[in-house]
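Results of the structural survey
Listed below are the residues making up each chain.
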Amino acid sequence: MARGRLRIHLGAAPGVGKTYAMLSEAHRRVGRGTDCVVAFVEHHGRPRTEVMLHGLEQVPRKELEYRGGLFPEMDLDAVLARRPQVALVDELAHTNVPGSRNAKRWQDVEELLAAGIDVVSTVNIQHLESLGDVVESITGVRQQETVPDEVVRRADQVELVDMTPEALRRRMAHGNVYQPDKVDAALSNYFRPGNLTALRELALLWVADRVDAHLTQYRSEHRVSRIWGSRERIVVGLTGGPEGRTLIRRGARLAEKGAGGEVLAVYIARSDGLTSASPKELALQRTLVEDLGGTFHHVVGDDIPAALLAFARGVNATQIVLGSSRRKTWQYVFGPGVGATVARESGPDLDVHIVTHDEVAKGRGLPVARGARLGRSRRAWGWIAGVLGPPLLAALLSAVDLGLANDMLLFLALTVAAALLGGLLPALASAAVGSLLLNYFYTPPLHRWTIADPKNIVAIVIFVAVGVAVASVVDLAARRTHQAARLRAESEILSFLAGNVLRGETGLEDLLERVRETFGMESAALLERASDVEPWTCAGRAGRGRAVERPDQADVDMPVGDHMALALTGRVLPAEDRRVLAAFAAQAAVVLDRRRLQEEADRARTLAEGNRIRTALLAAVSHDLRTPLAGIKAAVTSLRSEDVEWSEEDRAELLEGIEEGADRLDHLVGNLLDMSRLQTGTVTPLIREIDLDEVVPMALGGVPEGSACLDVPETLPMVAVDPGLLERAVANLVENAVKYSPPGAPVLVAASTLADRVEVRVVDRGPGVPDEAKDRIFEPFQRHGDAPRGAGVGLGLAVARGFAEAMGGTLNAEDTPGGGLTMVLSLRAVAFRPEPHPTAEPERQAP
């Protein structure tokens, strides 16, 4: 059976018209004779969307019971049994009601697709799983319902339903999206112009990236080697020289002239790694290109023009920006240069810009990894063998006559020994001294600096050439060995650094201490400033060396961007160490940014929590407090009415209603005040050592008689608590348990000891709470989604946990064996029972 095709209508925000577009598509398909049904479409009370459902076959929904309520969901089995050609499934990221076959609606869609049914669905950009943090930073709202990106990326068609922020806000103001009583709040919060613009940009960029991925896949599948200029991509070739910043800025200006232009800076390094650019300069250029919105790439290749062109064609670039050659005139005898080669081989579909700069014809000047890599003692023995060895050998050979050929082989062996010991320079010295001695003592005419036989000249030249060749090989091997060891050490350091980055374990001070230890410095500090005219400030420091206030006061400074630098004191680092130091500096900046972002997120979370509580408080005042007030007012008005003659039973019933409303108001206001005290941190418990049987029975006074039973042994140890807070906490737990307990199943309040704690358990036989919701029910204004509005404002458990933690205890929820929920209040036990003191402070009353 062929798999069905998935078409998704993607929008930037609710109300842009995704469902309307999906229904319009359904009408078009029905008009063409396609068997199309509505599996699940939610019109949210929008008249125009509801009208679009007319004329379409709708599969009846399935109602699921959950915690006493009925919730409509898509009947997956009915849709599979109906087997239409196309099924409309709205809200792809929706979470199904517990008890459904699948937890998420996109999983239902996967079953429909597997059954060969085409599906048309809708989703908003904020519901993509990878964008959750970004959307939360923009809107301040964390999306609970998400769909994996891969589900949307695998869709056969993704159609963007776009609308400008101004048009969407006008639709909302006209009441076409939300009910009139919700419009003002929505426009002032989530649907602000800035939020909508940012979400729209996210949607456009996501769709553009998907289109670009499809284009790349198509070019690969059809082996299209020619460049398609669908968008301007500027590749800037860098050598690591100072002209790179000029080239990057020129490339950025070129990209700005085209729609959707993109800058890709690329540095191509030799595979042997023996010649490299300045790490400091490359770090500056990487920061610059990223600040300009581009990307930095590091490519390995021995043929630089070929590697550059291969990279440009691989990313479907349209232009290449290169700098004029820094080679001097005489150096052109070795070849035409990178710029000329790239321009000649680029072809007609790739433009090459040669940009002039201040470093033209001044020489390459790139650092080369040369120099001796052997130990000092080994080089010393090499010089001894190269300078003193030939005279000593000549003195020994003066006593015997071995012939010129043998003499030359002995001198050659000495040159090889000098090369093995000391490298290139001692070997050259040995070859030079040995050739002079061979000429003077062993080549006719003897004891003269001339050579009579031309064959001897060839022999001496070969001798010198072999010595130089062997010395070069030894020197190259030593350099390669040193480089391999160094790269291994660098890889271990960078691997450790990358591991810390992935785990998020390294703090700024720990990272700076690691830098100081790695490079053997006295101190390491991260300096920053707001602008070029502002003074430098220290964001973090490690070590006991001298403190530096500016980067130029340090022995080593590694810039990170324009206004941040890593400053080290203790010694001057060689240039080859700066590559690893640049990685540490970049990571230090990332850690600092992460710490500040975390602080901002914590502050934003606190503000958001405060806003959420204030909003919920207003909702509670507007509804939950208004209901008992309305009941009291109606009862009082009825009692005062002179037109009706009330019987004693009616009068008693009205008075009972007034009393119940007043009690309910008292309870709600008490919880609201307690929650405000907890939020502002003004709860100061008065801890005393008391027996539980003195407080817990008083907490049951507010529940109907017979609805709770008590089991608190008198042998329990005393607990250190605030009696008033404990009574209120237990009372809230019991009232909550009674509310959800079935008739005839009283709530059990039992106490027992566990190690050095005393646990109070409030056990009910109600419907229980899923594991994933056990922590959420303790949040303010939470009623687990299905309690009626008259059941309270959802503060009882939050207040109980807040009071428990204020007394040094804990409050958690567990499943009751056999069904139900058990609240476990754990308190600190006292090891002894002190005798009452006549001046003891009187017991606090419950607030």
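The paragraphs below set out a description of the structure included in this document. Counting from 1, residues in each chain are numbered in the order their sequence is written. Restriction of local features to residues with pLDDT of at least 70 applies here, the model being predicted, together with a cutoff of 80 or more for giving and counting side-chain atom pairs; totals for whole chains, interfaces and linings are based on all residues. Note that water and hydrogens are dropped before the side-chain values are worked out from all heavy atoms of the structure.

1. A look at the overall build of the protein
As a reminder of what qualifies: Going along the chain from the N terminus, every DSSP run of H or I of four or more residues is numbered as a helix, and every run of E of two or more is numbered as a strand. Burial status follows relative accessibility: with a 1.4 Å probe on protein chains alone, a residue under 20% of its type maximum counts as buried, one over 50% as exposed, and anything between as partly exposed. For this analysis, residues touch if any pair of their heavy atoms sits within 4.5 Å. Areas reported as accessible are Shrake-Rupley estimates using a 1.4 Å probe. Residue values count occlusion only from the protein chains shown.
Counting secondary structure elements, the protein contains 24 helices and 24 strands. Residue burial in the protein is summarised as follows: out of 847 residues, 44% are buried. Put simply, 71% of the contacts in the protein that link residues at least 6 apart link residues at least 24 apart. Accessible surface computed for the protein: about 44,000 Å², of which carbon and sulfur atoms make up 55%.

2. Section: a positive patch on the surface
Spelled out, the test is: Within the patch definition used here, like charges are joined within 9 Å and nonpolar side chains (Val, Leu, Ile, Met, Phe, Trp, Tyr) within 5 Å, considering only residues with over 30% relative accessible area and no salt bridge. Salt bridge, as used here, is a side-chain nitrogen of Lys or Arg placed within 4 Å of a carboxyl oxygen of Asp or Glu. By the counting rule applied here, Lys and Arg register as positive and Asp and Glu as negative, while His and the ends of each chain are not counted. By convention, the point assigned to a charge is CZ for Arg, NZ for Lys, CD for Glu and CG for Asp.
Together, Arg249, Arg250, Arg253 and Lys257 make up a region of like positive charge exposed at the surface. You can see arginine 250 is positioned in helix α10 (residues 244-256).

3. Some points on the side chain of asparagine 176
One can find asparagine 176 in the loop between α7 (165-173) and α8 (180-188). On the accessibility criterion, asparagine 176 (19% relative accessible area) is buried. Excluding residues that lie within four positions of it along the chain, asparagine 176 makes contacts with Arg46, Arg48 and Arg171.

4. Quick notes on the sheet that holds strand β24 (residues 821-828)
The test is simple: Here, strands pair whenever DSSP counts at least two bridges between them. Here, axes are lines fitted to C-alpha atoms. For helices the fit covers the stretch in contact, and angles between N-to-C directions go from 0 to 180 degrees.
Ordered by their spatial adjacency, 5 strands build an open sheet running β19-β21-β22-β24-β23, and the pairing between neighbours is mixed. Edge strands, defined here as strands with exactly one partner in the open sheet, are β19 (708-711) and β23 (810-815). The sheet shows a mean angle of 20° between the axes of neighbouring strands, direction not considered. The pairing of strand β22 (residues 757-763) with β24 spans 7 bridges and is antiparallel. Residue pairing across strands places glutamate 759 opposite serine 826, the latter belonging to β24. The strands touched by helix α23 (residues 723-740) are β19, β21 (747-754), β22, β23 and β24; relative to β24, the strand with the most contacts, the crossing angle is about 170°.

5. Structural notes on the nonpolar core
To keep things clear, this is the line we draw: To qualify as a nonpolar core, a set must consist of buried Ala, Val, Leu, Ile, Met, Phe, Trp, Tyr and Cys residues joined through side-chain atoms within 4.5 Å.
Ranked by internal contacts, the top residues of the largest apolar core, which has 49 residues, are Leu92, Leu112, Ile125, Val147, Phe191 and Trp206. In terms of residue count, helix α9 (residues 193-221) provides more of this core than any other element does, 6 residues in total. Beyond its immediate stretch of four places on either side in the chain, valine 147 contacts Leu92, Ala93, Trp106, Val123, His127, Leu128, Glu129 and Val152. With 42 residues, the next largest nonpolar core counts Val695, Ala731, Met823 and Leu825 among its residues.

6. Remarks on the packing of helix α22 (residues 692-699) against α23
Geometry of a packed helix pair, given as the angle between the helix axes and the separation of the axes. The condition is simple: Should an angle lie under 35 degrees it is considered roughly parallel, over 145 roughly antiparallel, and from 65 to 115 roughly perpendicular; all remaining angles are considered oblique. Put simply, a crossing is left-handed when the front helix is turned counterclockwise from the back one by less than a right angle, and right-handed when it is turned clockwise. Residue type decides the class: Asp, Glu, Lys and Arg count as charged, Ala, Val, Leu, Ile, Met, Phe, Trp, Tyr, Cys and Pro as nonpolar, and the leftover types, Gly among them, as polar.
Interhelical geometry of α22 versus α23 gives an angle of 45° and a closest axis separation of 8 Å. Between α22 and α23, the interaxial angle falls into the category oblique. For α22 against α23, the interelement crossing comes out right-handed. Two secondary-structure elements touch here, α22 through Leu692, Val695, Val696, Met698 and Ala699 and α23 through Pro723, Leu726, Glu727, Val730 and Ala731. In terms of residue class, the contact of α22 with α23 is built from 9 nonpolar, no polar and 1 charged.

7. With respect to the packing of α23 against helix α24 (residues 796-806)
The N-to-C vectors of α23 and α24 enclose an angle of 150°; their axes lie 9 Å apart at closest approach. With respect to α24, the element α23 is oriented roughly antiparallel. The crossing of α23 and α24 is left-handed. Within the contact between the two elements, α23 uses Leu725, Arg728, Ala729, Asn732, Leu733 and Asn736 and α24 uses Gly796, Leu797, Val799, Ala800 and Phe803. Residue composition of the contact of α23 with α24, grouped by class: 7 nonpolar, 3 polar and 1 charged.

8. A few points about α24
Count 3.6 residues to each turn of an α-helix, and residues three or four apart come out pointing the same way. Counting buried positions along α24 gives 9 out of 11 residues, so the element sits mostly inside the fold. When we look at burial in α24, the residues that qualify are Gly796, Leu797, Ala798, Val799, Ala800, Arg801, Gly802, Phe803 and Ala804. Two residues or fewer after α24 comes glycine 808, characterised by a positive phi angle close to 85°.

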